[in-house]
Amino acid sequence: MFDLHCHILPGIDDGAKNTETSLELLKEEAKQGVNAITFTPHFHPNRISPEDFIRVRNRSYEKLMAVPEVQDMGIKFKCGAEIFFSTKLNDMELDQFCFTDSNYLLIELSTDEKPYGLTHTLIDIINRGYQPILAHVERYPYFTSDPTKLYDLVEKGCIAQVNGGAILEGDKICLKYIKWGMAQLVCSDCHNMNSRSPNLKDAYRFIKKKFGEEYVEWFEKNARDVFAGRYVDQPMPKMPKKILGIWL
Ligand SMILES: [Fe+2]
């Protein structure tokens, strides 16, 4: 299994505070059956320069890789970032934030208002040759209140990611995204061992029970392709329709 969104690198964001916690999280990932991980610490363009972020991230990565136990876990690692959306992305060098050896960029949005210039900026990013992955799409009210907005972005080439935690909580819109084929990736977005722990095996078990084995295979194939830097061949999702006030 592949976990492509997590906050396991030590001392860089609101995830693991030190290498001990990182190690605990990695052990739990291994227990869940994960053998490939992309580290995606938060990057906020308004709070830190890209150069400083990359320097701090690489230092944190090297610190974790220097722990002998980590090397013996049989897990493959890549680096990336969870970029907070801003129209500044239009003017930024984005290669440095891509998942290692790929053109995939993980982008999170504000949970308050629809970010100014969202569609325009994402299209610009795609036209520059990058593949945006929208992080935890179940969280944004401007998608959940009108899922056709997310449909439009997926149609334009964005990949939609949902969190294992939302699936396990039975988040209604998250499960509808899965049913419609709107979500292409499931990740843990793990931060700690308490409230936001590694949970991919549990999330896939839930999906298998509710939707069938083929959904799990599809999610796993997509994650494998993203990790390998390959194009995700995604069929267009079902267009959500609102009938009697309910999205179906
Ligand atoms: Fe995250």
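Preceding this section is the structure that the text describes.
Residues numbered from 1 in each chain as written. Predicted model: local features only at pLDDT ≥ 70, side-chain atom pairs only at ≥ 80, totals over all residues. Heavy atoms only, no water.

1. Considerations on the side chain of Glu138
Counted only if it meets this: Numbering of helices and strands runs from the N terminus; a helix is a DSSP stretch of H or I covering at least four residues, while a strand is a stretch of E covering at least two. Three labels apply to residues, based on accessible area from a 1.4 Å probe with only protein chains included: buried if under 20% of the type maximum, exposed if over 50%, partly exposed otherwise in between. A positive count includes Lys and Arg, and a negative count includes Asp and Glu. His and the chain ends are not counted in either. Should a side-chain nitrogen of Lys or Arg be within 4 Å of a carboxyl oxygen of Asp or Glu, the pair is scored as a salt bridge. Definition of a polar contact: a pair of N or O atoms within 3.5 Å, with one able to donate and the other able to accept a hydrogen when the atoms are protein atoms, and with sequence-neighbouring residues admitted only if both atoms are side-chain atoms. What makes two residues a contact is simply this: any of their non-hydrogen atoms within 4.5 Å.
Among the secondary structure elements, Glu138 is positioned in the loop between strand 7 (131–134) and helix 5 (141–144). No salt bridge forms around the buried Glu138; measuring N to O, its nearest opposite-charge neighbour Arg139 is 5.0 Å away. Polar side-chain contacts of Glu138 include one of 3.3 Å to the backbone nitrogen of Asn163. Discounting residues that sit within four places of it in the chain, Glu138 has contacts with Thr144, Gln161, Val162, Asn163, Ala166, Asp171, Ile173, Cys174 and Tyr177.

2. A closer look at the packing of helix 8 (residues 172–180) against helix 9 (residues 200–211)
Short version of the rule: Angles run from 0 to 180 degrees between N-to-C directions of axes, and those axes are lines fitted to C-alpha atoms, restricted for helices to the stretch in contact. Crossing handedness is defined as follows: a turn of the near helix away from the far one that is anticlockwise and smaller than a right angle gives a left-handed crossing, while the clockwise case is right-handed. Amino acid classes used here: Ala, Val, Leu, Ile, Met, Phe, Trp, Tyr, Cys and Pro are nonpolar; Asp, Glu, Lys and Arg are charged; the rest, including Gly, are polar.
Taken N-terminus to C-terminus, the directions of helix 8 and helix 9 make an angle of 65°; their axes are 12 Å apart at the nearest point. Viewed along their axes, helix 8 and helix 9 form a crossing whose handedness is right-handed. Contact with helix 8, carried on its side by Leu175, Ile178 and Lys179, involves Phe206, Ile207, Lys210 and Phe211 of helix 9 and no other residues of that element. Partitioning the contact of helix 8 with helix 9 into residue classes produces five nonpolar, no polar and two charged.

3. Regarding a positive patch on the surface
Just so we agree on the cut-off: The residues that make up patches have over 30% relative accessible area and no salt bridge, and they are joined within 9 Å when like-charged or within 5 Å when they are Val, Leu, Ile, Met, Phe, Trp or Tyr. Accessible surface area values rest on a Shrake-Rupley calculation with a 1.4 Å probe, where residue burial reflects the displayed protein chains alone. A charge is said to be at NZ when it belongs to Lys, at CZ for Arg, at CG for Asp and at CD for Glu.
Judged by side-chain charge, Lys179, Lys210, Lys238 and Lys241 come together as a positively charged surface patch. Here Lys238 is to be found in the loop between helix 10 (213–228) and strand 10 (242–243). Using a relative accessible area of 47% as the deciding quantity, one classes Lys238 as partly exposed.

4. A closer look at the nonpolar core
Which entries qualify depends on this criterion: Residues belong to one nonpolar core when they are buried, are Ala, Val, Leu, Ile, Met, Phe, Trp, Tyr or Cys, and are joined through side-chain atoms within 4.5 Å.
Ranked by size, the top nonpolar core spans 83 residues in total, and within it Phe39, Phe97, Phe143 and Tyr177 carry the most contacts. Counting residues per element, this core draws most heavily on helix 8, at six residues. Leaving out residues up to four positions away in the same chain, Phe39 has contacts with Cys6, Ile8, Leu9, Leu26, Tyr61, Leu64, Met65, Phe77, Lys78, Cys79, Gly80 and Ala81.

5. Remarks on the sheet that holds strand 1 (residues 2–3)
This is how it is decided: Strands pair, by our definition, only if DSSP identifies at least two bridges between them.
Read from one edge of the open sheet, three strands run 1-2-4, paired in parallel fashion. Each edge of the open sheet is held by one strand with a lone partner, namely strand 1 and strand 4 (76–79). Packed on one face of the sheet, helix 10 meets strand 1, strand 2 (36–39) and strand 4 and runs near 65° to strand 4.

6. Topic: the packing of aromatic side chains
What counts, and what does not: By convention, a stacked pair of Phe, Tyr or Trp rings (six-membered ring in the case of Trp) has centres within 6.5 Å and planes under 30 degrees apart, an edge-to-face pair has planes over 60 apart, and any other such pair is tilted. Any Lys NZ or Arg CZ found within 6 Å of a ring centre and within 35 degrees of that ring's normal is scored as a charge over the ring.
Applying the stated criterion across every chain, the model contains twelve aromatic pairs. Measuring from centroid to centroid gives 4.5 Å for Phe43 and Phe97, while their planes differ by 25°, and the two rings are stacked. You can see Phe43 sitting in strand 3 (residues 42–43) and its partner Phe97 sitting in the loop between strand 5 (82–84) and strand 6 (104–108), a full 54 residues away along the chain. Residue Phe43 is classed as buried on the basis of its relative accessible area, which comes to 1%. Between Tyr142 and Phe143 the ring centres are 5.3 Å apart and the planes differ by 70°, which places this aromatic pair in the edge-to-face class. Under the relative-accessibility criterion, Tyr142 is labelled buried at 11%. Ring pairs connect the aromatic residues Phe39, Tyr61 and Phe77, which therefore count as one cluster. Taking the ring centre of Phe227 as reference, the NZ or CZ of Lys78 above it sits at 4.9 Å.

7. Some details on a nonpolar patch on the surface
A cluster of nonpolar side chains, Ile243, Leu244, Ile246 and Leu248, forms an exposed patch at the surface whose accessible area comes to about 430 Å². Here Ile243 is to be found in strand 10. Overall, the relative accessible area of 46% leaves Ile243 in the partly exposed class.

8. Observations regarding the coordination of the iron ion
For a metal with four tetrahedral donors the ideal donor-metal-donor angle is 109.5 degrees, whereas six octahedral donors ideally subtend 90 or 180 degrees. So the rule is basically this: Distances decide who is a donor: an N, O or S atom must be within 2.8 Å of the metal, or within 3.2 Å for Na, K and Ca. Water is not included, so sites may look incomplete. Square planar and octahedral assignments, for four and six donors respectively, both demand that opposite donors be over 155 degrees apart and that all other angles lie between 65 and 115; tetrahedral needs four donors with all angles between 85 and 135 degrees, and anything else is irregular.
For the iron ion, the protein coordination sphere consists of His5 (NE2), His7 (NE2), Glu82 (OE) and Asp189 (OD), at 2.0 to 2.3 Å. Viewed at the metal, the four donor atoms of the iron ion are separated by angles of 81 to 167°, and the geometry they form is irregular. Donor residues binding the iron ion come from one chain and are separated in sequence as H-x1-H-x74-E-x106-D. In this pair, His5 is assigned in the loop between strand 1 and helix 1 (19–31) and Glu82 in strand 5, connecting sequence segments 77 residues apart. Residue classification places His5 among the buried positions, given a relative accessible area of 0%. Residue classification places Glu82 among the buried positions, given a relative accessible area of 0%.

What is shown is where atoms sit, not what they do.
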